[in-house]
Amino acid sequence: MGGGDLAQALLILGMAGVTFLTRYILLALLGRWQLPEGLARWLAYVPIAAFTVIVVRGTFAPDGQVSLDPRSPYLWGALAAGLVAWRSKNVLLTIAAGLAGLWLARMVGG
Amino acid sequence: MSTQVDAQSGTSRDFWSGVRAALPLWLGITPYGLAFGLLGPTVGLSGPATLAMSLLVFAGSSQFIALGLVGAGASYPLIVLTTLVINLRHLLYAASLGPYLGKLPERWKPALSFLLTDEAYAVTIDRFRQPGMAPGPLFYLGVGLAVYVDWNVSTAVGLVLGGLVPGPAALGLDFALPATFIGLLVPQLRSRASWVTLAVAAAATLVLSGLPGRLDVLAAIILAASAGWGVETWLRRS
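What you see is a predicted model; the values in this text were computed from it and never measured. (Residues numbered from 1 in each chain as written. Chains lettered and ligands numbered in written order. Predicted model: local features only at pLDDT ≥ 70, side-chain atom pairs only at ≥ 80, totals over all residues.)

(A) Spotlight on the overall build of chain A. Of the regular secondary structure elements, chain A holds five helices and zero strands. Counted from the first residue to the last, chain A has its helices and strands arranged as α-α-α-α-α. By the compact-globule yardstick of 13 Å for 110 residues, chain A is too spread out, its C-alpha radius of gyration being 20 Å. Across its three principal directions, the C-alpha atoms of chain A cover 60 × 40 × 25 Å. (Helix = DSSP H or I, 4+ residues; strand = E, 2+ residues; numbered from the N terminus. Rg over C-alpha atoms; globule rule 2.2 N^0.38 Å.)

This is the structure:
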């Protein structure tokens, strides 16, 4: 996993290149091209979509295989994190709650 | 002569006032940088590659998603494409900051662009929009550099700390990444369209998980963002 050093270097250069493009292109074309309003509204939903995918994969497929088992400790960790995130809006507390929920469920589950 | 000196000291004041405005952001950014440095090696990235990603890509959420994808065995071209889609939101920020930075010389723009992040944008646009009190464009440079230094120092510290913890998965630290995203996600759920986005993203992730090469991640993101956009458009009309 992770590939060789050369593959990892190419991955990082590729990510850096496309990311820089998203930051630079409108500043470079300032005034000559405007972001269409529909595209701007679509883009506003991308972070929610991307974060959800990572949460759902980490919760229901921590080892790559999807499983909807209600006894999964990861599910309880996610519920604890979600509850604390909702109440506190604090990311550090949310991480702590998620890990605590996971450990508790592991201890109870045996 | 004296006006030139004034202009220069005003410029340097803008820069340092930007750095100061970014200091409270360190509280929020440092834990992510630490987490990123800790998690990089757990999915198989080398230490230098983990740090290089923070130095060169410098975009937290896409870096975390890339870790998730590397861990899930996605192909590297697909990770680059997913990074592009996630970071397209920078277009929104650049469009809104552009008019305030447009006065600067052309040769500054690549460096200024490179420092564009969610956090730097939020702080800067807030100040630029204050009538009468708005700082000069170098305020943004100060904010951006302060965020950059913090992100990379905390990534490096996280890498060192991670080297001291044996077997992160046994401790459940592989769940720190999803838990981080729960913390980022929940405050964004403020409208019906955002809940629909979440529901479609969750369902699509589970249903499409059989797609080859982790194409499911990109497909789910595009489907869910389109659903959110569609619901918002529909609610506006009715």
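(B) Summary view of the domain arrangement of chain A. The domain boundaries assigned to chain A delineate domain 1 (1-34) and domain 2 (37-109). Distance between the C-alpha centres of domain 1 of chain A and domain 2 of chain A: 28 Å. (Domains from an automatic or database assignment.)

(C) A look at the environment of Pro212 of chain B. Residue and element names in this part refer to chain B. Looking at the secondary structure, you find Pro212 in the loop between α10 (192-207) and α11 (215-237). Look at Pro212 and you get exposed, because 7 C-beta atoms sit within 10 Å. C-alpha separation for the pair Pro212 and Ala74, spaced 138 residues apart in sequence, amounts to 8.9 Å. (Buried ≥ 20, exposed ≤ 12 C-beta atoms within 10 Å, placed from the backbone.)

(D) Structural detail: the interface of chain B and chain A. Taken together, the contact between chain B and chain A spans 75 residues of the former and 63 residues of the latter. Counting only elements with at least two residues in the side of chain B that touches chain A, the list comes to α2 (47-56), α3 (60-71), α4 (76-87), α5 (90-101), α6 (109-114), α9 (176-185), α10 and α11 of chain B. By residue number, the principal contributor to the side of chain B that touches chain A is α9 of chain B, which donates 10 residues. (Contact = placed C-beta atoms within 7 Å.)

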